[in-house]
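# Results of the structural survey
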Amino acid sequence: MVFSVSRPPVPFSQMKPARPTIEGLTAAYAKINEAFDNATDAAARLEAVYMWDRVRRSYTTWSSITHLKFMQNTKDEAAKAEREYSDELSPKVTELDINMMRKLLDAPGREDLAAVLGEHAFLLWESAVTTYEPAIQDDLVAENKLAAKFTELQASAEIEFNGETYNLSSLGKFAEVADRDVRHGSMKARWDWVAAHGDEFDQIYDDLVKVRHKMAQKLGYENYIELGYRRMTRVDYTQNDVEVFRKQVVEHVVPLVTLMHEDQRKRLGVDTLMAWDEPVFDLTGNPRPEGDVAELTLKAATMFDAMHPELGAFYHTMMDNGLLDLDTRPGKAGGGFCTSFADFGVPFIFATFNGSKHDAEVFTHEMGHAFQVYVSMDKVLSDYFWPTYESCEIHSMSLEFFTWPHMDLFFGGDTERFKKIHLAESLSFLPYGVAVDHFQHLVYANPDATPAERRQMWKDMEATYLP
């Protein structure tokens, strides 16, 4: 029987999944393998697959909550210890899963399984089994630790500006004000802090590049690039397709964005558009949402109720059960993301509001992810809860624009200005996004490059995509 999600919501504060152990998981997987090996027909083999998926759902629920709690407070020693335990456990669980995937790929009657489970799951598994061997288990642990170290370093920022102390997220609100001196001062404060920790950032990144290169070579790849594509489950396009896309952006989008920046320079009345001018589109500064986090949360309920009853009901589930963490706090990691808890049938939205228009953008973006995964949790396999990485952005970026008719709730008389800026920034993101992508290709193709050489690589990307 297919595992189905129980929809009655559980408040986040009451979600306390059992901590898994490698001994318990190994025993569970042994039973799954035995059931599959002893199956005499397709129905029995499917039941073994569903047993496996139930174990995966429980494990990922615990793992997601563990990593979320660390992100909510990187200074919490208990949360940090639990995340470290998860980092150590994760590669061992990956090995159990990879072995099961190999069994399914080689199983007799694969066609019967695919008829129920879908062929796409097999494509995902075919990609996944090429990304792991026991030889890289320690490297995966090292990779996890480096990612956590980077998060902690960013979250540790305490930056003095205009007599107050800010972290990287809360300082961001000054980047969009009308006063050019304030914009410049806040950006200088930000990059002074980064420069003061530059050696630490460089070392983390260098270690990460090298451990990924080592993993790739152990798995038989020339470098990390192809392994990276496979880990991102890019099963339907290639590096060549990406190169074509980058060329199209250079040909068609970069000239347009360059003209947009020239118009922006004229509107701002400056001789040269500097880094601290780019976020602002006119002399009045960018529009800001009206209200604090609590007020914006309630306004969002009005918006989603008006858009569609199902979307509105879903949002109330999120709001009423503590599945939103939107404010900025000392020790909280930066950025925004959506995660999900399969055993409870719900997602969770993490954001760091700072009073800028970005609050509305990141929130509607993450709500797009959240609603998509919520309505996907009754799929036959947890492999189908989330699309592949790039496909996920269809839902998130679409909801950003679907909410336009309701943005007056947040921006009042500044709504039209908000829409114009939102659209302009969405176009401007295309050259920036491919610049980052191209930069990563260069970095992983040259794993022994020095920090100075990597910075030159980025300057070359800026010259090409962000002139």
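Below, the structure is looked at part by part. Fair warning: this is a prediction, and the values are worked out from it, not measured in the lab. (Residues numbered from 1 in each chain as written. Predicted model: local features only at pLDDT ≥ 70, side-chain atom pairs only at ≥ 80, totals over all residues. Heavy atoms only, no water.)

## A word on the nonpolar core
Membership of the largest hydrophobic core comes to 61 residues, with the highest contact counts inside it found for Phe 36, Trp 52, Leu 104, Leu 117 and Trp 125. The contacts of Leu 117, once residues within four sequence positions are left out, are Leu 46, Val 49, Tyr 50, Trp 125, Val 380, Leu 381 and Tyr 384. With 41 residues, the next largest nonpolar core counts Ala 301, Leu 326, Ala 333 and Ala 351 among its residues. (Core = buried A, V, L, I, M, F, W, Y, C linked by side-chain atoms within 4.5 Å. Buried < 20%, exposed > 50% of the residue type's maximum accessible area, 1.4 Å probe, protein only. Contact = heavy atoms within 4.5 Å.)

## What about unusual backbone geometry?
Working note: non-glycine residues mostly have negative phi, and peptide bonds are mostly trans. One non-glycine residue, Asn 162, adopts positive backbone phi at about 50 degrees. As for its placement among the helices and strands, Asn 162 is situated in the loop between strand S1 (159-161) and strand S2 (164-166). With relative accessibility at 58%, the residue Asn 162 sits in the exposed group. With a phi close to 50 degrees, Thr 233 is a non-glycine residue in the positive phi region. Residue position: Thr 233 is located in the loop between helix H10 (224-231) and helix H11 (239-268). (Helix = DSSP H or I, 4+ residues; strand = E, 2+ residues; numbered from the N terminus.)

## Section: the packing of helix H4 (residues 110-117) against helix H5 (residues 119-128)
Remark: H4 packs on H5, axes separated minimally by 7 Å, with the N-to-C direction vectors making an angle of 110 degrees. Between H4 and H5, the crossing angle belongs to the class labelled roughly perpendicular. Contacts between H4 and H5 pair Arg 110, Leu 113, Ala 114 and Leu 117 from the former with Glu 119, Ala 121, Phe 122, Trp 125 and Glu 126 from the latter. Here the residues of the contact of H4 with H5 are counted per class, giving 6 nonpolar, no polar and 3 charged. (Axes fitted to C-alpha atoms, helices over the stretch in contact; angles between N-to-C directions. Parallel < 35°, antiparallel > 145°, perpendicular 65-115°, else oblique. Nonpolar A, V, L, I, M, F, W, Y, C, P; charged D, E, K, R; others polar.)

## What to know about the sheet that holds strand S5 (residues 346-350)
Pairing within the open sheet is mixed, and its 3 strands lie in the order S3-S5-S4. Edge positions in the open sheet fall to strand S3 (324-325) and strand S4 (337-341), since each of these has one partner strand only. Across 2 bridges, the pairing between S3 and S5 is parallel. Along S5, the bridge assignment pairs Asp 325 with Phe 350. On top of the sheet, helix H14 (residues 358-375) reaches S3, S4 and S5; it is set at about 165 degrees to S5, its chief contact. (Pairing = 2+ DSSP bridges.)

## A short note on the pattern of salt bridges
What the rule picks out here adds up to 37 salt bridges. Between Asp 139 and Lys 218 there is a salt bridge, with the nearest N and O atoms lying 2.9 Å from each other. Residue Asp 139 is located in helix H6 (residues 137-155), and its partner Lys 218 is located in helix H9 (residues 198-218); the two are separated by 79 residues in the primary sequence. By relative accessible area, which is 5% here, Asp 139 ends up buried. (Salt bridge = Lys/Arg side-chain N within 4 Å of Asp/Glu carboxyl O.)

## Describing the environment of Glu 34
You can see Glu 34 is positioned in helix H1 (residues 22-37). A relative accessible area of 48% places Glu 34 in the partly exposed class. Along the backbone, Glu 34 and Ser 391 are 357 residues apart, and their C-alpha atoms lie at a distance of 36 Å.

## Focus: helix H13 (residues 309-320)
Relative to the 16 Å expected for 12 residues at 1.5 Å per residue, H13 spans 16 Å between its end C-alpha atoms, a close match to the ideal helical length. Restricting attention to buried positions, one finds in H13 the residues Leu 311, Gly 312, Phe 314, Tyr 315, Thr 317 and Met 318. Each element contacted by the buried residues of H13 is listed here: helix H12 (293-307), S3, S5, H14 and helix H15 (389-402). Positive phi appears at Gly 322, one or two residues downstream of H13, with a value of about 65 degrees. (Expected span 1.5 Å × (residues − 1).)

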